[in-house]
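Understanding the architecture of this molecule
Now for the letters of each chain:
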Amino acid sequence: MLPFPSSHKLSPLPRGLLPLLLLGLPLGSAAAQEPDDEDPPPETEITRPAPAPVSPDAEPEWKTRFGARLSVGPPDGLGAALLIHPRSWLRVHAGAARNSLGTGVRAGVDLLPVQLLVSPVLGLEYGHTFRADYERLLTRLHGQPTPPVTGIRRVDYDQVNLSVGLEYSPWRPVTFFGGVGISYWFLGVSDASAFIREAEAGAGEEKPSLTANPLLLNLSTPVVRLGLILSFN
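Residues numbered from 1 in each chain as written. Predicted model: local features only at pLDDT ≥ 70, side-chain atom pairs only at ≥ 80, totals over all residues. Heavy atoms only, no water.

1. Examining the overall build of the protein chain
Within the protein chain one finds three helices and eight strands. Going from the N terminus to the C terminus, the protein chain shows its helices and strands as α-β-β-β-β-β-α-β-β-α-β. For the protein chain, with 233 residues in total, the buried portion stands at 27%. With the model as given, the accessible surface of the protein chain reaches about 17000 Å², and the carbon-plus-sulfur share is 64%. (Helix = DSSP H or I, 4+ residues; strand = E, 2+ residues; numbered from the N terminus. Buried < 20%, exposed > 50% of the residue type's maximum accessible area, 1.4 Å probe, protein only. Areas by Shrake-Rupley, 256 points an atom, 1.4 Å probe, with all protein chains shown as cover.)

This is the structure:
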């Protein structure tokens, strides 16, 4: 029988192996315990569409303008009105006018097909004159003093004016304009029997009593107008 040793001795580890094991343990454990040290994924950037390019030749957006309009010329005489310019091609005005026949109100629209330094303009206007002097109206129509031989002294009349002209704007707040056209008059005579009595008196006939419906007379005259527009904004 072989003798069994009473104690067993472990062989020592090779020199240099223990330090390597000690260095490997903390590196492996740190890598296992600290996974958060990895770089986070990059954030996704939101791409916004670039604004559409603006052409340098594009006209700026139109803004509504307000102003006043002064005009002079037959047959309306001297007029003043407030105006609003909501579109580049459209202008609306309303006011009053005074001539040798009386005082009335006016309202109209102007159309501007193109915008230039000197621009064409088309005008349409309606007016009503209250209690116009009938004698002066006859004088204007006849071209010489003509006193009425009837009992008519005052008449109301409506006007519709059509005109074409030009505008000149040396700078934005000021515009000069001029135009020519035609005016249609509508005279309402409530006492039409006076005209009939005058005609019968000229024919040598007389009647003690006479009734007649209101009379409407139509005529036309030329229009000439010069004026100034002032913008407030």
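Further notes follow.
2. Section: helix 2 (residues 134-142)
Those residues of helix 2 that sit buried are Tyr134, Leu137 and Leu138. All buried residues of helix 2 project into a common sector of 100° when viewed along the axis, lining one side. With a side-chain oxygen positioned 3.0 Å from the backbone nitrogen of Glu135, the residue opening helix 2 is Asp133. Looking one or two places after helix 2, you find Gly143, whose phi comes out positive at around 80°. (Arc of directions from axis to C-beta. Polar contact = N/O pair within 3.5 Å; in protein donor to acceptor, adjacent residues only side chain to side chain.)

3. Quick look at a nonpolar patch on the surface
Taken together, the side chains of Phe66, Leu82, Ile84, Val92, Val109, Leu124, Leu162, Tyr184, Phe186, Leu216 and Phe232 present a nonpolar region at the surface, about 970 Å² in accessible area. Among the secondary structure elements, those contributing two or more residues to the nonpolar patch are strand 2 (77-87) and strand 7 (174-189). (Patch = residues over 30% accessible without salt bridge, like charges linked within 9 Å, V, L, I, M, F, W, Y side chains within 5 Å. Salt bridge = Lys/Arg side-chain N within 4 Å of Asp/Glu carboxyl O.)

4. Concerning a positive patch on the surface
Together, Arg98, Arg131, Arg136 and Arg154 give the surface a local cluster of positive charge. The topology assignment puts Arg136 in helix 2. According to the relative accessible area criterion, Arg136 is partly exposed, its value standing at 48%. (Lys, Arg positive; Asp, Glu negative; His and termini not counted. Charge placed at Lys NZ, Arg CZ, Asp CG, Glu CD.)

5. Overview of unusual backbone geometry
Look at the link from Pro74 to Pro75: it is a cis peptide, with omega at 5°. For Pro75, the position within the fold is in the loop between strand 1 (65-73) and strand 2. Not every positive phi belongs to a glycine, and Arg131 is a case in point at roughly 50°. Checked against the element boundaries, Arg131 lands in strand 5 (residues 118-133).

6. Some thoughts on the confidence of the model for the protein chain
Summing up the model confidence of the protein chain, the mean pLDDT is 78 and the portion of residues at 70 or higher is 63%. Per-element confidence in the protein chain ranges from a low mean pLDDT of 52 for helix 1 (residues 17-33) to a high of 97 for strand 3 (residues 90-98). Between residues 27-32, whose pLDDT stays under 50, and residues either more than four places distant or in other chains, the model counts zero contacts. (pLDDT = per-residue confidence, 0-100. Contact = heavy atoms within 4.5 Å.)

7. Remarks on the pairing of strand 3
Each regular strand displays side chains that alternate between the two surfaces of the sheet. Two strands pair when backbone bridges link them, and strand 2 and strand 3 are joined in this way by eight bridges, in the antiparallel orientation. In the sheet register, Leu78 faces strand 3, and the bridge partner there is Arg98. Here strand 2 folds back onto strand 3 in antiparallel fashion, the turn holding two residues. Two strands pair when backbone bridges link them, and strand 3 and strand 4 (residues 103-111) are joined in this way by nine bridges, in the antiparallel orientation. Paired with Gly95 across the strands is Arg106, a residue of strand 4. Hairpin connection between strand 3 and strand 4: a loop of four residues separates the two successive antiparallel strands. (Pairing = 2+ DSSP bridges.)

8. Brief notes about the sheet that holds strand 2
Adjacent strands of a sheet form backbone hydrogen bonds with each other and so pair up, either parallel or antiparallel. The sheet built from eight strands closes into a barrel, its strands ordered 1-2-3-4-5-6-7-8 with antiparallel pairing. The mean inter-strand angle of the sheet, taken between neighbouring strand axes irrespective of direction, is 25°. Relative to strand 7, strand 6 (residues 154-171) is paired through 14 bridges, and the arrangement is antiparallel. Looking across to strand 7, one finds that Asp158 is bridged to Phe186. The strands touched by helix 2 within the sheet are strand 5, strand 6, strand 7 and strand 8 (215-231), with strand 5 carrying the most contacts at an inclination of about 135°. (Axes fitted to C-alpha atoms, helices over the stretch in contact; angles between N-to-C directions.)

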